[in-house]
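Observations on the three-dimensional arrangement
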Amino acid sequence: MNAEISQKENLLYRTLLALVLIGLAAAVRIAPHPWNFTPVGAMALFSGAVLKDRRLAFAFPLVALFAGDLFVGFYKLSVMLIVYASFLLSVLIGLWLRDRRTIARISLATLFGAIQFFLVTNFAAWQFLGGYPLNASGLLACYIAAIPLFWNTLTGDALYATLLFGGYALAERYLPALEASRQRASTD
């Protein structure tokens with residue numbers, strides 16, 4: 001006889017699974033990889049989409065990002081803060097996915113996350129790193145030079161979003177303790 005899992009237990013198991021997946025993604029960030037081909041953008045989207053506690057959804061990716069920076073190195077503080085803020089925007093995009101995750105919406109959110117990261121962080125690089133003149137042509141040159149990095153960001157985000165959201169969906173489907181509460185409620 002199957003014991004009925006309470007809503008609190010279900011939420012706990014779902015949160016723990018999400019945190020483990022986010023932690024694994026954060027660990028992958030410190031492994032050697034091509035520039036911008038990391039799981040961080042997907043991790044931020046995933047966090048916003050699946051963690052019910054908004055404070056945790058915003059805090060955990062920042063903690064994971066900071067922990068990764070301890071290994072890969074820090075950079076200019078003004079740029080670093082903008083990069084972190086950009087990932088918080090990805091958490092917000094993930095919040096939009098909450099309770100309505102489909103392959104199309106996850107794909108769209110992944111694309112929007114990569115685009116906003118490209119626009120925000122390259123603007124910061126242009127503004128604060130001094131590699132380009134601070135005028136419209138300098139900004140355009142900065143964005144053009146970063147196009148290869150955009151493709152790495154988008155490809156990395158797409159791969160890791162597939163692994164995170166797909167792994168979570170499989171766990172929801174095959175582990176009774178993680179069964180979505182709305183599905184259980186409809187069978188009561």
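Here is a short report on the structure shown in this document.

The rules behind each value
- Residues numbered from 1 in each chain as written.
- Predicted model: local features only at pLDDT ≥ 70, side-chain atom pairs only at ≥ 80, totals over all residues.
- Heavy atoms only, no water.
- 1 Å grid on protein atoms, 1.4 Å probe; cavity = no way out; pocket = protein on both sides within 12 Å on 5 of 7 lines; lining within 4 Å.
- Points joined across faces, edges and corners; volume = space filled by probe spheres on them.
- Helix = DSSP H or I, 4+ residues; strand = E, 2+ residues; numbered from the N terminus.
- Buried < 20%, exposed > 50% of the residue type's maximum accessible area, 1.4 Å probe, protein only.
- Contact = heavy atoms within 4.5 Å.
- Expected span 1.5 Å × (residues − 1).
- Arc of directions from axis to C-beta.
- Salt bridge = Lys/Arg side-chain N within 4 Å of Asp/Glu carboxyl O.
- Polar contact = N/O pair within 3.5 Å; in protein donor to acceptor, adjacent residues only side chain to side chain.
- Axes fitted to C-alpha atoms, helices over the stretch in contact; angles between N-to-C directions.
- Left-handed = near helix turned anticlockwise from the far one by under 90°.
- Nonpolar A, V, L, I, M, F, W, Y, C, P; charged D, E, K, R; others polar.

A closer look at the layout of surface pockets
Considered as a void within the structure, the largest pocket measures approximately 820 Å³ in volume. Taken together, 30 residues line the largest pocket, and the ones lying closest to its centre are Trp35, Asn36, Tyr75, Val83 and Phe117. Listed by contribution, the elements that provide at least two residues to the lining of the largest pocket are helix H2 (40-50), helix H3 (54-72), helix H4 (77-97), helix H5 (103-128), helix H6 (136-145) and helix H7 (147-174). At 6 residues, the largest contribution of residues to the lining of the largest pocket is made by H5.

Structural notes on the environment of Ala114
Structurally, the position occupied by Ala114 is in helix H5. Ala114 sits in the buried class, given a relative accessible area of 0%. Not counting chain neighbours up to four residues away, the residues in contact with Ala114 comprise Phe150, Thr153, Leu154 and Asp157.

Let's talk about H5
If you check H5, its first and last C-alpha atoms are 37 Å apart, about what 26 residues at 1.5 Å a residue would give, namely 38 Å. At the C-terminal side of H5, Gly130 shows a positive phi close to 70 degrees.

Thoughts on H6
Those residues of H6 not exposed but buried are Gly138, Leu139, Cys142 and Tyr143. Projected down its long axis, H6 shows its buried positions confined to an angular sector of 135 degrees, all on one face. Among the exposed residues of H6, those oriented more than 90 degrees off its buried face are Ala136, Ser137, Leu140 and Ile144.

Some words on the pattern of salt bridges
Under the counting rule described, the total for this entry stands at 5 salt bridges. Taking the shortest distance from any N to any O, the salt bridge between Arg29 and Asp69 comes out at 2.6 Å. Remark: Asp69 occurs in helix H3 and Arg29 occurs in helix H1 (residues 7-29); sequence separation between them is 40 residues. Accessibility assignment for this pair places Arg29 and Asp69 in one class, buried.

Observations concerning the side chain of Arg14
With respect to the helices and strands, Arg14 occurs in helix H1. Separated by 2.5 Å, the side chains of Arg14 and Glu172 make a polar contact.

Considering the packing of H5 against H7
Between two packed helices, what matters for the description is the angle formed by their axes and the separation of those axes. Relative orientation of the contacting elements H5 and H7 amounts to 145 degrees, with a least axis distance of 9 Å. In the crossing of H5 with H7, the sense of the turn from one axis to the other is right-handed. In contact with Ile106, Thr110, Leu111, Ala114, Ile115, Phe117 and Phe118 of H5, H7 contributes Ile147, Phe150, Thr153, Leu154, Asp157, Ala158, Ala161 and Phe165. When its residues are assigned to classes, the contact of H5 with H7 shows 12 nonpolar, 2 polar and 1 charged.

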